[in-house]
Amino acid sequence: MSTEMKGGHRQLKIWRGDRETGQLVDYELDTEPGMVVLDAVLEIQASQEPDLAVRWNCKAAKCGSCSAEINGKPQLMCKTRLDHLPADEPITVEPMRAFPQVRDLVTDVSWNYRVNEKIPPFTPREGLPNEYLMGQADTDRVSEFRKCIECFMCQDVCHILRDHRLQEKYYGPRFMVRLASLDMHPLDGLDRTDLIADQAGVGLCNITKCCTEVCPEGIKITDNAIIPLKERVADQRYDPLLKIFKRKGRQGRKKV
Amino acid sequence: MSTTSEALKPSPAYGEPRKAGATARRDRWWVQPFLVVAALTTFGIYTIVRVILSTKYPGVYTDGAHLQSPMFSPDLAGIFGFHTKLPWSFLVLWAPLGMRTTCYYYRKSIYRSYFLAPPACAVAGAARRKYSGETKMLLFMNLHRFFFYAAAIVVGFLAFDFVRSLFYATAGGGTSFGVSIGSLIMLINVVCLSGYTFGCNSFRHLIGGNLDCFDCSASTRTRHTLWQRVTTLNVRHQEWAWLSMFTVWGTDLYLWLAGSGVFTDPHHIF
Amino acid sequence: MTVIEKHDYDVVVIGSGGSGLRAAIAAAEAGAKTAVICKSLLGKAHTVMAEGGMAASLGNMVPEDNWRTHFQDTMFGGKYLNNWRMAELHAKEVPDRAIELEHWGAIFDRNDDRKMHQRAFGGHTHNRLVHIGDRTGLELIRTLQDKTVHSNVDVFMETTITRLLKDGDRVVGAFGFKRPTGEYLSFSSKALVLATGGSGRIYKITSNSQDCTGDGYALAYHAGAQLVDMEFVQFHPTGMVFPPGVAGLLVTEAVRGEGGRLFNNNGERFMEKYDPKRMELSTRDVVARSIYTEVKEGRGSEHGGAFLDVTHLDGDYVKTRLPSMYEQFKELAGVDITKEPMQVGPTCHYFMGGIKVDADTGATRVPGLFATGEATGGMNGSNRLGGNSLGDLLVFGRRAGLGAVEEANRIGPVSVPDGAVEDAHARAAEDLAGDETNKENPYALHKELQQAMGAGAGIFRDKEGLETAIAEVEKIYERALNLRAPSSRPDYNPGWQLCQELRNMTTVSLMIAKGALLREESRGGHSRLDFPAYDDYWSEHNILQDGVGPDLDLTPVPVVRKDDLAELIDERKQQEAATK
């Protein structure tokens, strides 16, 4: 083993509460080596607090259900090892702050699903063969965005949504990633630049990169999705030189 | 078993926005913004003072070689014959400084450290009545690519400055080739500034990122290769940004001291 | 008086994994008013965990590949117990389903001709699996998810179905509750599709998501449907064995597809002993039993597994082809797989058995009830080939959706009898209300069930072990019936949910154990220590199960053959005989 794994006695402070109020409640348990925060929470649920509400599915960092704020930072509970957290202090586990609370560690993330419905889906450009031809270079660029597991931690940490509460004006990093995956799909036939600039509100992002920092899939949200989208908006709206040289608009893409 | 450690309080999820600095993080998240403010402020003040103080044309001339400080390049008088008594360097400094101000990396660190928007991830920022991001006052950030064009030209002049520093005017009116510590420092500076300038996110977009399809024709494939090269620089854009800022600073300081006679720039003429 | 929210649909799909979403899309596109019910959030279904890819005989890598070879591979992998028609439809239609996914925006890795790349996988004659890195399931679910929300399908997230509602013999709807609030709701449907997946959570060591609690098997069983092949459980050869918290977590077969090798603690490449021809890419049942045997005979790794090694491959290649495996081991086990071998062992992965359906339409024998995906049995026989699940979801998801629409169009309006709703509501409310006299902990009971099944009905079985398991599970079944939620709050109450799921899981466990006891032979995902060889009778028979409550009725029936395919089957059998 290249890294040592430690078990031992640990303390957790878990948020218990409903829509209005709640409190951090202390729990203690003996842990096995290699345990993750979700293991500890489920062990507490099974043996001490059968009522503890927590959302989880795969426990393999593939579904993005168990997002929470661990010691103040948005993290997947199933991917955060206890022995990577300071041993001499209790571990706090709180629900995501940017979404309405359901109960305990569970939040209502339905807003995200409503946003997704507003984004025009992949629409193939005209004249494509039945079996698509595409290069690996394009696959690589787009597939980074499609790694997203929709844990919504980028939405949670984004200060535009978290602190400024501009859900009406900004779709959030997750959907900038979604928009980038469509905008950079070599066979897509829509030009969503106006949507990106106006309804989705890419201009509100001040590229402070917290979304990238918390992404459990390591997607370079800011550098590979948001900044290129900002540049694509700049191409059409803020670049007089391009206006002179490139009047046609984007080939094969219809404005939406 | 469970014990309650505190009284009931409002739910954190979608509760009231909090005061600046509020967070459940327990690490020293404030160190980074503090260092950024300290470094950028110092650099800014140094630059302004230096440019105002040096209304003349501060090159270093040792044995007939001309070493031009990067803060005063291009050398308007020496190359273009342009003379003024004002702090002229602002006429050229707007380009690299404008590039840095509108740079996607610096924007991150400036918004975080100066505007506390937010100061660190999952830490509440300074409460502002209306947050508008880069849609209103800061819309000009979208002009980054134009600052990049200008700054790239300046990098060209810095390369020229380096080459010029290798030629020593001899007494007979000829030139001979030589190398000094100062010129090597200038070379390092040009390399670092190139690493920063050509790793620019806008450049990355213009060189290939703006393509909808990388693998559709010979020209898009070439641009994809170039895009990959720029990407290699771009993933370290932050590091290049700081490194090049310090090399500019260091180069200027070195040439300033050498030029004002504190020491003589060691050199060898071949 | 509790308000029960009522909804009317033509087609209701229960389950939002690959097959459920594909069924919903098919139904909605055919004009039916369609709802899809997710036990969790949309896009979190167990399909996201599929890694390796989807087998489709596109012939992009090997032009001579075709549906016939794929059909033969599937039948051979299933040891000829498959429903021939299902295997045929699957092999024929899956290329179209793969292409269709691309039309809906899915992205797959490419080959040099800029077509979909296809990788090698256990049991497939040719390179056949279209894939994107090692997260093909996520690509599939996200594509279908986006297609669904733009296809005019109503999505009910975090809604638990506790019972199917019947009017006479016909299924006419479903009853359940919304998890976040505990509010009750009932659906009426002209046709209802079960797409509820498998039941891996009956075992402790499983690659399955916590949602996989066999809900559909139990719902269908109680509604009067038949189940088939329930004794066949696929143990994936390579699950993580360490640290304990992640034991069972899947290590994709793509690791072996890309060239990974298996070693025991003597450094022997032990697959040479068990299947020298296919080595690591033998069928899953063979590799799983081989690893199990090596470990049992004392040649295992320190944590009780075998060593799976990719260190001979280029490190960067491993990171691009198997990115999530690299991440998973680095993050959770502290192992850099480009430098050290992985330790792996068998983990419960897939249920070959399931609801018996008509191959072409997904119809069960209960009017108004359809099923698709892992919830059904037949397609995979006694053992599923890797890569044959994702295709199964799409091919039969679409067919079940269309079958349901046809049914909905055929029959007139349906009405849900009030009594049925009241009964279902009363039971759910009773579970929630709690019971002072019964303080059974559902979490502990779940562990007991997993213990019993792992010990008696796991990868290797025998008469004695199975009888013990059945006796234990029958007791647990009774206790589960009396189970009450530990807390009576309705909002996001995990114990309440588990009460329902435990009853489903014990029902499924009984089916598996009883089926396994009856099948006195070893074949595919069913290995009897006391009957280690194939049996002539059983090589021709599937076991059907139906019944009332814990009283299961098991009936062996001949395999569903199809004469025009006999030639292909014989051809493969001869090839196999010739190489032995």
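Residues numbered from 1 in each chain as written. Chains lettered and ligands numbered in written order. Predicted model: local features only at pLDDT ≥ 70, side-chain atom pairs only at ≥ 80, totals over all residues. Heavy atoms only, no water.

A look at the overall build of chain B
- If you tally the helices and strands in chain B, you get 9 helices and 7 strands.
- On C-alpha atoms alone, chain B measures out to a radius of gyration of 24 Å, which is more than a quarter above the 18 Å that the 2.2 N^0.38 rule sets for 270 residues.
- Along the three orthogonal principal directions, the C-alpha set of chain B runs to about 90 × 55 × 40 Å.
- Looking at the 270 residues of chain B, the share that counts as buried comes to 48%.
- Excluding contacts between residues fewer than 6 apart, the proportion of contacts in chain B whose partners are at least 24 apart in sequence is 73%.
- Split by element, the accessible area of chain B, about 13100 Å² in all, is 70% carbon and sulfur.
- Chain B carries 24 positive and 12 negative side-chain charges, and their two centres are separated by 8 Å. (Helix = DSSP H or I, 4+ residues; strand = E, 2+ residues; numbered from the N terminus. Rg over C-alpha atoms; globule rule 2.2 N^0.38 Å. Buried < 20%, exposed > 50% of the residue type's maximum accessible area, 1.4 Å probe, protein only. Contact = heavy atoms within 4.5 Å. Areas by Shrake-Rupley, 256 points an atom, 1.4 Å probe, with all protein chains shown as cover. Lys, Arg positive; Asp, Glu negative; His and termini not counted. Charge placed at Lys NZ, Arg CZ, Asp CG, Glu CD.)

Remarks on the interface of chain C and chain A
- With 68 residues of chain C in contact, the opposing surface of chain A contributes 63 residues.
- Contact between chain C and chain A buries roughly 5400 Å² in total, counting both sides, with carbon and sulfur atoms accounting for 53%.
- Contact with chain A buries surface across chain C, with Lys44, Ile107 and Tyr492 of chain C losing the most and accounting together for 12% of the total.
- If you look at where chain C meets chain A, you find 8 salt bridges.
- Our enumeration of links across chain C and chain A arrives at 37 residue pairs in polar contact (both at pLDDT 80 or more).
- Among the secondary structure elements, those contributing two or more residues to the side of chain C that touches chain A are helix H3 (84–103), helix H4 (136–149), helix H10 (323–333), helix H13 (442–456) and helix H15 (494–518) of chain C.
- In the side of chain C that touches chain A, the residues fall into 27 nonpolar, 19 polar and 22 charged. (Buried area = accessible area lost by both parts, 1.4 Å probe. Salt bridge = Lys/Arg side-chain N within 4 Å of Asp/Glu carboxyl O. Polar contact = N/O pair within 3.5 Å; in protein donor to acceptor, adjacent residues only side chain to side chain. Nonpolar A, V, L, I, M, F, W, Y, C, P; charged D, E, K, R; others polar.)

Notes on the nonpolar core
- Core analysis: the largest hydrophobic core is formed by 231 residues, its most contacted members being Met77 of chain A together with Leu164, Leu194, Tyr203, Ile355 and Leu369 of chain C.
- Considering every element that reaches this core, the biggest residue donor is H15 of chain C, with 10 residues.
- Excluding its chain neighbours within four sequence positions, the residues that come into contact with Leu164 of chain C are Ile14, Val171, Gly173, Ala174, Leu192, Leu194, Leu219, Ala223 and Leu369 of chain C.
- With 40 residues, the next largest nonpolar core counts Leu76, Ala95, Trp227 and Ala241 of chain B among its residues. (Core = buried A, V, L, I, M, F, W, Y, C linked by side-chain atoms within 4.5 Å.)

Considerations on the sheet that holds strand S6 (residues 175–180) of chain B
Residue and element names in this part refer to chain B.
- Strand order in the open sheet formed by 3 strands is S5-S6-S7, and the pairing between neighbours is antiparallel. A single partner strand is all that each edge strand has here, and the edge strands are strand S5 (167–169) and strand S7 (267–269). Ignoring strand direction, the axes of neighbouring strands in this sheet form an average angle of 40 degrees. (Pairing = 2+ DSSP bridges. Axes fitted to C-alpha atoms, helices over the stretch in contact; angles between N-to-C directions.)

Considering a positive patch on the surface
- Taken together, Lys169 of chain A together with Arg129, Lys130 and Lys136 of chain B make up a surface patch of like positive charges.
- Examined against the element boundaries, Lys169 of chain A turns out to sit in the loop between helix H5 (159–162) and helix H6 (173–183). (Patch = residues over 30% accessible without salt bridge, like charges linked within 9 Å, V, L, I, M, F, W, Y side chains within 5 Å.)

Concerning the packing of H13 of chain C against helix H14 (residues 463–481) of chain C
Residue and element names in this part refer to chain C.
- Axis separation between H13 and H14 bottoms out at 8 Å; the angle between their running directions is 165 degrees. With respect to each other, H13 and H14 are oriented roughly antiparallel. Seen along the crossing, H13 lies across H14 with a hand that is left-handed. Each of Leu445, Glu448, Leu449, Ala452, Met453 and Gly456 in H13 lies in contact with H14, whose residues at this interface are Gly465, Leu466, Ala469, Glu472, Val473, Ile476, Arg479 and Ala480.
- The residue makeup of the contact of H13 with H14, split by class, is 9 nonpolar, 2 polar and 3 charged. (Parallel < 35°, antiparallel > 145°, perpendicular 65-115°, else oblique. Left-handed = near helix turned anticlockwise from the far one by under 90°.)

Details of the sheet that holds strand S10 (residues 227–228) of chain C
All names here are of chain C.
- The antiparallel open sheet is built from 4 strands, whose spatial order is S15-S10-S19-S20. Because the sheet does not close on itself, it has two edges, and the strands there are strand S15 (354–355) and strand S20 (551–558).
- Of the strand pairs in this sheet, strand S19 (residues 541–548) and S20 are connected by 8 bridges, and their pairing is antiparallel. Looking across to S20, one finds that Gly547 is bridged to Leu552.
- Those strands touched by H15 are S10, S19 and S20, and its axis lies near 50 degrees from that of S20.

Some remarks on the packing of aromatic side chains
Residues and elements named next belong to chain B.
- For the structure shown, the criterion picks out 35 aromatic pairs over all chains.
- Seen in terms of ring centroids, Phe80 and Phe157 are 5.9 Å apart; in terms of plane orientation they differ by 70 degrees. Their pairing is edge-to-face. Highlighted residues: Phe80 in helix H2 (residues 76–80) and Phe157 in helix H5 (residues 144–164), separated in sequence by 77 residues.
- Among the aromatic residues, ring-to-ring pairing joins Phe43, Tyr46, Tyr105, Tyr106, Tyr196, Trp242, Phe246, Trp249 and Trp256 into one connected group. (Phe/Tyr/Trp six-rings, centres within 6.5 Å; stacked < 30°, edge-to-face > 60°.)

Comments concerning the pairing of S6 of chain B
Residues and elements named next belong to chain B.
- Here S6 shows a buried face lined by Ser176, Gly178 and Ser180 and an unburied face lined by Thr175, Phe177 and Val179.
- The pairing of S5 with S6 spans 3 bridges and is antiparallel. Bridging across to S6, Ala169 finds its partner in Thr175.
- Linking two consecutive strands that pair antiparallel, namely S5 and S6, is a turn of 5 residues; a positive phi of about 95 degrees is found at Gly173 within it.
- Pairing analysis gives 3 bridges linking S6 to S7, with the strands arranged antiparallel. The residue of S7 that forms the bridge with Val179 is His268.

Quick look at the interface of chain B and chain A
- In this assembly, 59 residues from chain B lie in contact with 76 residues from chain A.
- In total, chain B and chain A occlude about 5600 Å² of area from one another, counting both sides; carbon and sulfur atoms represent 52% of this.
- When the area that chain B buries against chain A is broken down by residue, the three leading residues are Tyr14, Tyr131 and Asp212 of chain B, summing to 14%.
- Here Arg253 of chain A and Asp212 of chain B are joined by a salt bridge, their closest N and O atoms 3.0 Å apart.
- The tally of links from chain B across to chain A stands at 28 residue pairs in polar contact (both at pLDDT 80 or more).
- Counting only elements with at least two residues in the side of chain B that touches chain A, the list comes to strand S1 (3–4), strand S2 (9–10), helix H4 (104–113), H5, helix H7 (201–209) and helix H8 (218–234) of chain B.
- Along the lines of polarity and charge, the residues of the side of chain B that touches chain A split into 27 nonpolar, 18 polar and 14 charged.

Description of the domain arrangement of chain A
Residues and elements named next belong to chain A.
- The domain boundaries assigned to chain A delineate domain 1 (8–107) and domain 2 (110–255).
- Taking the mean C-alpha position of each, domain 1 and domain 2 sit 32 Å from one another.
- Contacts between the two partners involve 15 residues from domain 1, matched on the other side by 16 residues from domain 2.
- When residues of domain 1 are sorted by the area they lose upon contact with domain 2, Pro74, Ala98 and Phe99 head the list and together hold 43% of the total. (Domains from an automatic or database assignment.)

A closer look at the state of the cysteines
- Using the criterion set out here, one finds 2 disulfides over all chains in the structure.
- Across a sulfur-sulfur distance of 2.1 Å, Cys210 of chain A and Cys121 of chain B are joined as a disulfide pair. Disulfide Cys210 of chain A-Cys121 of chain B: the torsion about the S-S bond is -90 degrees, which places it as left-handed. Here the residue Cys210 of chain A occupies a position in helix H8 (residues 210–214), and Cys121 of chain B occupies one in the loop between H4 and H5, the pair thus bridging two chains.
- Accessibility expressed as a relative area gives 5% for Cys121 of chain B, which makes it buried.
- Residue pairing for Cys213 of chain B: its cysteine sulfur links by disulfide to Cys216 of chain B, the two sulfurs lying 2.1 Å apart. Given an S-S torsion of about 85 degrees, the disulfide between Cys213 of chain B and Cys216 of chain B has right-handed geometry.
- The thiol of Cys158 of chain A is not disulfide-bonded; the next cysteine sulfur, from Cys205 of chain A, is found 6.7 Å away.
- Judged by its relative accessible area of 9%, Cys158 of chain A falls in the buried class.
- Between Cys348 of chain C, a cysteine without a disulfide, and Cys212 of chain C, which holds the nearest cysteine sulfur, the sulfur-to-sulfur distance is 9.1 Å. (Disulfide = S-S within 2.5 Å.)

Quick notes on the side chain of Glu231 of chain A
- The residue Glu231 of chain A is located in helix H9 (residues 221–237) in this model.
- Glu231 of chain A gets classed as buried once you look at its relative accessible area, which sits at 2%.
- Contacts of Glu231 of chain A, omitting those with residues within four sequence positions, involve Tyr104, Arg145, Ser202 and His205 of chain B.

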